[in-house]
Amino acid sequence: MANVLEVRELSKQYKKGVYASEKVSFSIGEGEIFALIGPNGAGKTTTIRMIATLLKATEGDAVVAGHSIITDPAGVRESITYLPDEAGAYKTMTGKQYLEFMAGIFAPDKEQAKIYIQRATDICGLGDRLGDKIGSYSRGMIRKLLLSRAVMSHPKLAILDEPTSGLDIINALEIRRMIKDLAREYKMSFLLSSHNMLEIEFVSDRVGIIAKGHLLEVGRPDELKEKHGVKNLEEVFERVVKDNEICISPEERA
Amino acid sequence: MKFVYLLKKELKELLTLTTILTLVVSVVALIALGGVMGNVMEETTENADKITLCNKDSGSYSKAVIEALVTAGYEVNEIEISSDDYVEELNSKDISDVVIIPETFSSQIEDVLAGKTVEKDGEKVIAPVDVEYVTRMNSLSITGNADVGSTVALSAIEGAVKSVVYASKNMSVEEIKLIESPVNLVETTVVNNKQAKESSTLLSAYVMMTSMFVPIVVYILIIYSSQMIMNAVATEKIDKTLETLLSAPVSRLSVLSAKMIAATIVSAVYAVGFMVGYSYMMDGMTGSIAGAVDSSVISELGLKMSVGGYILLGAQMFLSLLITLAISLILGALAKDAKSSQSLLMPIMFMAMVPYMLSMFVDFKTLGALKWVMYAIPYTHTFMAQSNIILGDMTTYFGGLVYQIVMLAIFMTLAVRLFMSDKIFTISLDFGQKKNKYAAKKNKKA
Ligand SMILES: Nc1ncnc2c1ncn2[C@@H]1O[C@H](COP(=O)(O)OP(=O)(O)O)[C@@H](O)[C@H]1O
Ligand SMILES: [Mg+2]
């Protein structure tokens, strides 16, 4: 089975000589939920933005459903959706208008757009509030609206940067459940990121541990816990970082 | 005590680098403005005791008047004016005004001395002596027309005529009383390549009133549209809706061009709307302002803008708005948060404010080297547009137009480059926080 995403030694330098992410390689299969986990500043968003064709990679490549981010970024954009972290929406639009606008951009024709809007309306669960201005929405409501927007086109790969950060437990649970259901039902693949390592293990099939721009270890959460003989992913992270201290250049450690 | 802490915090928040910089630049701009104005005023007053004069009278009284002027400290420059085509005469002699003593001058003085009276409003008065004064309107700005001109000429000649009259004969007190003012100034104003018998003082008062509004409108439109566009771009960036759009299956160019075309349409609607409204307002006001001035003289001299004039004015206004749009796109993209987007408005505000203020007071063409500094600011040309169009300086108008188009091309290219590369997500600028970054760097080094 071909992988939906294949990341090969992807690197980014914002400033010459300083890697925000260095030689990151991983892959995501069909219907798989993959999470990049690591603390703030680890390089999650940088990696994600390169895959979403927003940032140019300094080195390496990533292939989404057969399209390279270097040679065919337009093809990549046809296959993905991206939900930035802490994203907002046009405050003067109503939820319904927002979905209509985004469906117009993602759908190939009007028929398809209608289907997208219906899907998003069902998924977001906002009901009548879709008729209200987004400016009046709570954080949780905006996130649900944006998530439903990100999956309404059933993309091959949905990229969600910190999808649950800043949300209360109930909202975070709902979002996680939505992601899991979509992956199972429609065989959609997800690339998530989170700095909250405890909650992410409930939603992801596999995780990649990233710190200071280096992807240190990739595997299933239970696999990793067993390997390091610890109870949760946070402790896995601690172990992995300690084991890999040698790999991270002394300059970066300082 | 607690209040002091609160007050300190509030002051610190208000006195950012941005606000201090704004203050400093404003003060420097005002001081510079004062210096420029001082120089211009000095020149006008210096020229106030120079009189260019043409004596067509062969009698002895005109010579006496000229002598009296010289004695009174005036520097009299005598020239020859042979035709009624004052446009040509002023141009060929490269002068901006001239006093003409008519052929009948001496005989008129003789009439005065003989106590010859005429009826005026049912009363008997001694007919004043005719003196002609021709002046060219060079500028619509305040100091540009502060050429003390006719007032000086009139009072100087009046004084000279009086001294001649009183010196030549002991008139009776009754007779002297009949001389209300010994001189009747017949004024001709030259505008561009047209001339009309009307006082330049009255005309420039009219023109100044009518040309006051365009710069205000231009200034407001520039500030308003730049704020509108910058906020739109900055909000898209801060809310990350731009990232969403640019990762969607649409080309970056179409996202950017949609933004630009929308803003262009809005700018065009503004420019046209204001031009139409302004032309109606002017039509309505012409009657009341003109008052003392004959409105047919105003259109005869071309001081009232034609439809073509409004189109030319609208064109430069539209260009200014497009330049604003391109710069604002760039500045908006540099914003990190709502507060920094406000401080980023500063460069546009100064670029609009300095030529706006200066254009009201001085004629840029008289500024020497400083003129080129002003011309380098693309907005300057729009602030000068009305004056250039009315006074027929089409070279300056079209030069400005071409410059604005070039500047627009440059800024548009920069904006497109910024949006097409990933710099749009990595670049950010914040005047207010530069200081903090510095501090952070220093800490790192330490
Ligand atoms: N626009 C930028 N310019 C320079 N450095 C950046 C920029 N964005 C992020 N970085 C740096 O790159 C590193 C990784 O950041 P990021 O990918 O945002 O991490 P994460 O998403 O894991 O929190 C950090 O050290 C951050 O400071
Ligand atoms: Mg991040």
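Scoring rules and cut-offs
Residues numbered from 1 in each chain as written. Chains lettered and ligands numbered in written order. Predicted model: local features only at pLDDT ≥ 70, side-chain atom pairs only at ≥ 80, totals over all residues. Heavy atoms only, no water. Helix = DSSP H or I, 4+ residues; strand = E, 2+ residues; numbered from the N terminus. Buried < 20%, exposed > 50% of the residue type's maximum accessible area, 1.4 Å probe, protein only. Contact = heavy atoms within 4.5 Å. Areas by Shrake-Rupley, 256 points an atom, 1.4 Å probe, with all protein chains shown as cover. Pairing = 2+ DSSP bridges. Axes fitted to C-alpha atoms, helices over the stretch in contact; angles between N-to-C directions. Buried area = accessible area lost by both parts, 1.4 Å probe. Salt bridge = Lys/Arg side-chain N within 4 Å of Asp/Glu carboxyl O. Near = heavy atom within 4 Å. Polar contact = N/O pair within 3.5 Å; in protein donor to acceptor, adjacent residues only side chain to side chain. Nonpolar A, V, L, I, M, F, W, Y, C, P; charged D, E, K, R; others polar. Core = buried A, V, L, I, M, F, W, Y, C linked by side-chain atoms within 4.5 Å. Domains from an automatic or database assignment. Expected span 1.5 Å × (residues − 1). Patch = residues over 30% accessible without salt bridge, like charges linked within 9 Å, V, L, I, M, F, W, Y side chains within 5 Å. Phe/Tyr/Trp six-rings, centres within 6.5 Å; stacked < 30°, edge-to-face > 60°.

**Student:** Even after reading the chapter, I still don't get the overall build of chain B, so can you show me in this structure?
**Tutor:** Counting its secondary structure elements, chain B contains 20 helices and eight strands. Across the 446 residues of chain B, 46% fall into the buried class. Taking all contacts inside chain B whose residues are at least 6 apart in sequence as the whole, residues at least 24 apart take part in 79%. Accessible area for chain B stands at about 21,900 Å²; split by element, carbon and sulfur atoms hold 63% of it.

**Student:** Help me understand the sheet that holds strand E2 (residues 75-78) of chain B in this model?
**Tutor:** Each strand in a sheet pairs with its neighbour through backbone hydrogen bonds, running either in the same direction (parallel) or in the opposite one (antiparallel). All names here are of chain B. Reading across from one edge, E2-E1-E3-E6-E7-E8 is the order of the six strands in this open sheet, with mixed pairing throughout. Every interior strand has two partners, whereas the edge strands, E2 and strand E8 (194-196), have only one. The sheet shows a mean angle of 30° between the axes of neighbouring strands, taken without regard to direction. Note: strand E7 (residues 183-191) against E8, three bridges, orientation antiparallel.

**Student:** Please clarify how the interface of chain B and chain A should be interpreted in this entry.
**Tutor:** Counting residues at the interface gives 18 residues for chain B, matched by 24 residues for chain A. Summed over both partners, the interface of chain B with chain A buries about 1,900 Å², with 54% contributed by carbon and sulfur atoms. Summed over the shared surface of chain B and chain A, the result is four salt bridges. Here Glu243 of chain B and Arg49 of chain A are joined by a salt bridge, their closest N and O atoms 2.7 Å apart. Elements with a minimum of two residues in the side of chain B that touches chain A: helix H10 (241-246) and helix H19 (423-426) of chain B.

**Student:** It is not clear to me how the site of ligand 1 should be interpreted in this structure. Could you clarify?
**Tutor:** With respect to spatial proximity, the complete set of residues near ligand 1 consists of Tyr14, Ala20, Pro39, Asn40, Gly41, Ala42, Gly43, Lys44, Thr45 and Thr46 of chain A together with Thr426 of chain B. Measuring from an oxygen atom of ligand 1, one finds a backbone N or O atom of Gly41 of chain A at 2.6 Å. Side-chain polar atom of Thr46 of chain A to an oxygen atom of ligand 1: 2.5 Å apart, as the coordinates give it. Bound to the protein, ligand 1 loses 63% of the 560 Å² it would expose on its own. When its residues are assigned to classes, the shell around ligand 1 shows four nonpolar, six polar and one charged.

**Student:** I tried to follow the nonpolar core on my own but got confused; where do I start?
**Tutor:** Across soluble globular proteins, nonpolar side chains show a tendency to be buried alongside one another. Judged by nonpolar contacts, the single largest core of 168 residues is most densely connected at Leu5, Phe26, Ile51, Phe190 and Leu191 of chain A. Ranked by residue count, the leading element in this core is helix H13 (residues 307-334) of chain B, at 15 residues. Counting residues domain by domain, this core receives three or more from each of domain 1 (49-197) and domain 2 (209-433) of chain B. The residues contacting Phe26 of chain A, other than those within four sequence positions of it, are Leu5, Glu6, Val7, Phe34, Leu36, Thr47, Ile51, Leu191 and Leu215 of chain A. Among the nonpolar cores identified, the runner-up in size contains 25 residues, and Tyr61, Ile66, Leu69 and Tyr74 of chain B belong to it.

**Student:** So what exactly am I meant to see when it comes to H13 of chain B here?
**Tutor:** Helical geometry: 3.6 residues make up each α-helical turn, so side chains three or four residues apart lie on a common side. Across its 28 residues, H13 of chain B extends 40 Å between first and last C-alpha, which sits within 8% of the 40 Å expected from 1.5 Å per residue. Burial runs high along H13 of chain B: 22 of the 28 residues are buried.

**Student:** Please explain unusual backbone geometry as it appears in this structure.
**Tutor:** Only a minority of non-glycine residues have a phi that is not negative, and only a minority of peptide bonds are not trans. The phi dihedral of Lys212 of chain A falls on the positive side, at around 50°, and the residue is not glycine. Looking at where Lys212 of chain A falls in the secondary structure, it is placed in the loop between strand E9 (206-211) and strand E10 (214-219). With a phi close to 65°, Lys240 of chain B is a non-glycine residue in the positive phi region.

**Student:** Please clarify how the pattern of salt bridges should be interpreted in this entry.
**Tutor:** Should their charged atoms come close, side chains of opposite charge can pair. Going through the model one piece at a time under the given rule, you end up with 19 salt bridges over all chains. A salt bridge links Lys96 of chain A to Glu100 of chain A; the shortest N-O distance between them is 3.0 Å. With Lys96 of chain A and Glu100 of chain A both in helix H3 (residues 95-106), this residue pair falls four residues apart, about one helical turn. Given a relative accessible area of 37%, Glu100 of chain A falls into the partly exposed group. Among the ionic pairs, Glu13 of chain B bridges to Lys9 of chain B, the shortest N-O distance being 3.8 Å. Within this pair, Glu13 of chain B and its partner Lys9 of chain B are both found in helix H1 (residues 2-14), separated by four residues, close to a single helical turn. One continuous salt-bridge network, built from bridges that share partners, spans Lys9, Glu10 and Glu13 of chain B.

**Student:** Got a minute to help me understand the pairing of E7 of chain B in this structure?
**Tutor:** Each regular strand shows side chains that alternate between the opposite faces of the sheet. Buried residues dominate E7 of chain B, accounting for seven of its nine residues. Taking the residues that link successive antiparallel strands as the turn, the E7 of chain B-E8 of chain B hairpin has two residues, and the phi of Asn192 of chain B there is positive, at about 55°.

**Student:** Quick question: what am I supposed to make of a nonpolar patch on the surface here?
**Tutor:** Residues and elements named next belong to chain B. A contiguous nonpolar surface patch, about 1,000 Å² in accessible area, is contributed by Met1, Phe3, Val4, Tyr5, Leu7, Leu11, Leu15, Ile20, Val24 and Val28. When contributions to the nonpolar patch are tallied by element, the ones reaching two or more residues are H1 and helix H2 (17-47). In terms of residue count, H1 provides more of the nonpolar patch than any other element does, five residues in total. Residue placement: Leu7 occurs in helix H1.

**Student:** Looking at this structure, how should I read the domain arrangement of chain B?
**Tutor:** All names here are of chain B. By the assigned domains, chain B splits into domain 1 (49-197) and domain 2 (209-433). If you look at the interface, domain 1 gives 14 residues, while domain 2 gives 16 residues. Inspection of the region where domain 1 meets domain 2 yields zero residue pairs in polar contact (both at pLDDT 80 or more). Of all the elements in the fold, those that place two or more residues in the side of domain 1 that touches domain 2 are E7 and E8. When residues of the side of domain 1 that touches domain 2 are assigned to their parent elements, the largest contribution, three residues, is made by E8. Tallied by class, the residues present in the side of domain 1 that touches domain 2 amount to five nonpolar, eight polar and one charged.

**Student:** What is the right way to read the packing of aromatic side chains from this model?
**Tutor:** Here the distance between the centres and the angle between the planes together describe a pair of aromatic rings. Residues and elements named next belong to chain A. Tallied over the full model, the rule gives eight aromatic pairs over all chains. Where Tyr90 meets Phe101, the ring centres are 5.8 Å apart and the plane angle is 80°; that geometry is what we call edge-to-face. Pair noted here: Tyr90 is in the loop between strand E6 (80-83) and H3 and Phe101 is in helix H3, with a separation of eleven residues, a long-range link. With a relative accessible area of 17%, Tyr90 lands in the buried category.

**Student:** Just checking my understanding: could you explain the pairing of E10 of chain A for this structure?
**Tutor:** All names here are of chain A. With five of its six residues buried, E10 lies for the most part within the structure. Alignment of E9 against E10, held across five bridges, turns out to be antiparallel. Bridge assignment links Gly208 to a residue of E10, and that residue is Val218. The hairpin formed by E9 and E10 contains two residues between the paired strands, and Lys212 there has a positive phi angle of roughly 50°.

**Student:** I'm lost on the sheet that holds strand E7 (residues 157-161) of chain A in this one. Help?
**Tutor:** Residues and elements named next belong to chain A. Strands sit in the order E6-E7-E8-E3-E9-E10 across an open sheet of six strands; the sheet is mixed. What marks the edges here is a single partner per strand, and that holds for E6 and E10. Mean inter-strand twist for the sheet, computed between neighbouring axes without regard to direction, equals 15°. Looking at chain direction, E6 and E7 are connected through four bridges and run parallel. Its bridge partner being in E7, Ile80 is matched across the sheet by Leu157. Docked against the sheet, helix H5 (residues 139-151) engages E6, E7 and strand E8 (189-194), running at close to 170° with respect to E6. Packed on one face of the sheet, helix H9 (residues 233-243) meets strand E3 (33-37), E9 and E10 and runs near 45° to E9.

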